[in-house]
Amino acid sequence: DTAVSQTPKYLVTQMGNDKSIKCEQNLGHDTMYWYKQDSKKFLKIMFSYNNKELIINETVPNRFSPKSPDKAHLNLHINSLELGDSAVYFCASTASGLTDTQYFGPGTRLTVL
Amino acid sequence: EDQVTQSPEALRLQEGESSSLNCSYTVSGLRGLFWYRQDPGKGPEFLFTLYSAGEEKEKERLKATLTKKESFLHITAPKPEDSATYLCAVQARSSNTGKLIFGQGTTLQVKP
């Protein structure tokens, strides 16, 4: 009965590789987000989709490409991984109301060697 | 620029020793202020939403309050299981996307 799930939990890879992280929510929410949490625990928004439409695209390198095949899924593909991409990536979702609570997934710890 | 600053960065308490965490914010019109708790290796877990100055919300040993410039998370008689990082976030009224701006968090350690 997990609300927001992410795979994989851990991802260790070499510089220059391409990798994907997947997110799924079973809450029936319309809006999903990707956040990046750096080593100092600072959480920063990257992207958001509402009903499969991109609505937030922060200043993120274009090596990062989100894809939402349907409103329950939001994936993040990263090309040409760099050392600085090492972080924990969180997916979140919310119902369509603007002040509705955002529910977070368990996170994916990406380590680039 | 919308900004959130939390203090202190780290706080150590003895079990039963009450204290407060601070969240100062500057935002072009506040729509909502959110508190989350994050345990190591897990995602943030929602605690409270506050919408207007003077509002207060409580849950067990936690009480969140809001003024026009800051929010406090008061912890009364904390227990070791309250140890976690507490995150504060704001949403601007000008946002039509639900974007949250987070502070850097306060890591609380409660010793038995």
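If you're wondering where the values come from, they're calculated on a predicted model, not measured in any experiment.

Conventions and cut-offs
- Residues numbered from 1 in each chain as written.
- Chains lettered and ligands numbered in written order.
- Predicted model: local features only at pLDDT ≥ 70, side-chain atom pairs only at ≥ 80, totals over all residues.
- Heavy atoms only, no water.
- Helix = DSSP H or I, 4+ residues; strand = E, 2+ residues; numbered from the N terminus.
- Buried < 20%, exposed > 50% of the residue type's maximum accessible area, 1.4 Å probe, protein only.
- Contact = heavy atoms within 4.5 Å.
- Areas by Shrake-Rupley, 256 points an atom, 1.4 Å probe, with all protein chains shown as cover.
- Lys, Arg positive; Asp, Glu negative; His and termini not counted.
- Charge placed at Lys NZ, Arg CZ, Asp CG, Glu CD.
- Phe/Tyr/Trp six-rings, centres within 6.5 Å; stacked < 30°, edge-to-face > 60°.
- Salt bridge = Lys/Arg side-chain N within 4 Å of Asp/Glu carboxyl O.

A. Seen up close, the overall build of chain A. Helix and strand content of chain A: 0 helices and 11 strands. Helices (α) and strands (β) of chain A occur, in sequence order from the N terminus, as β-β-β-β-β-β-β-β-β-β-β. Counting across all 113 residues of chain A, residues that qualify as buried make up 42%. Sequence-distant contacts, at least 24 apart, represent 54% of the contacts inside chain A between residues at least 6 apart. Counting only carbon and sulfur atoms, one obtains 49% of the accessible surface of chain A, whose full area is about 5600 Å². The averaged location of the 11 negative side-chain charges in chain A is 7 Å from the averaged location of its 12 positive side-chain charges.

B. A look at the packing of aromatic side chains. Applying the stated criterion across every chain, the model contains 9 aromatic pairs over all chains. Between Y35 of chain A and F104 of chain A, the aromatic rings sit 5.2 Å apart at their centres with planes inclined by 45 degrees, giving tilted as the arrangement. Pair noted here: Y35 of chain A is in strand β4 (residues 31-37) and F104 of chain A is in strand β10 (residues 103-104), with a separation of 69 residues, a long-range link. For Y35 of chain A, a relative accessible area of 0% puts it in the buried group. On the basis of an interplanar angle of 85 degrees and a centroid distance of 5.4 Å, the ring pair of F104 of chain A and Y36 of chain B is categorised as edge-to-face. Separated into two different chains, F104 of chain A in strand β10 and Y36 of chain B in strand β4 (residues 30-38) make up a pair that spans both.

C. Just the pattern of salt bridges, in detail. Residues and elements named next belong to chain A. All told, the structure shown has 8 salt bridges over all chains when counted by the stated rule. One salt bridge connects K71 with D30, and the closest N-O pair in it is separated by 2.8 Å. With K71 in the loop between β7 (64-70) and β8 (73-78) and D30 in the loop between β3 (19-25) and β4, the pair connects residues that are 41 residues apart, well separated along the chain. K71 gets classed as partly exposed once you look at its relative accessible area, which sits at 35%. Accessibility expressed as a relative area gives 17% for D30, which makes it buried. Ionic pairing is found between R63 and E82, a salt bridge with its closest N-O pair at 3.5 Å. Here R63 is found in the loop between β6 (53-57) and β7, whereas its partner E82 is found in the loop between β8 and β9 (87-94), with 19 residues between them in sequence. Judged by its relative accessible area of 41%, E82 falls in the partly exposed class. Overlapping salt bridges bring together R63, E82 and D85 as one network.

None of this, on its own, says anything about what the molecule does.
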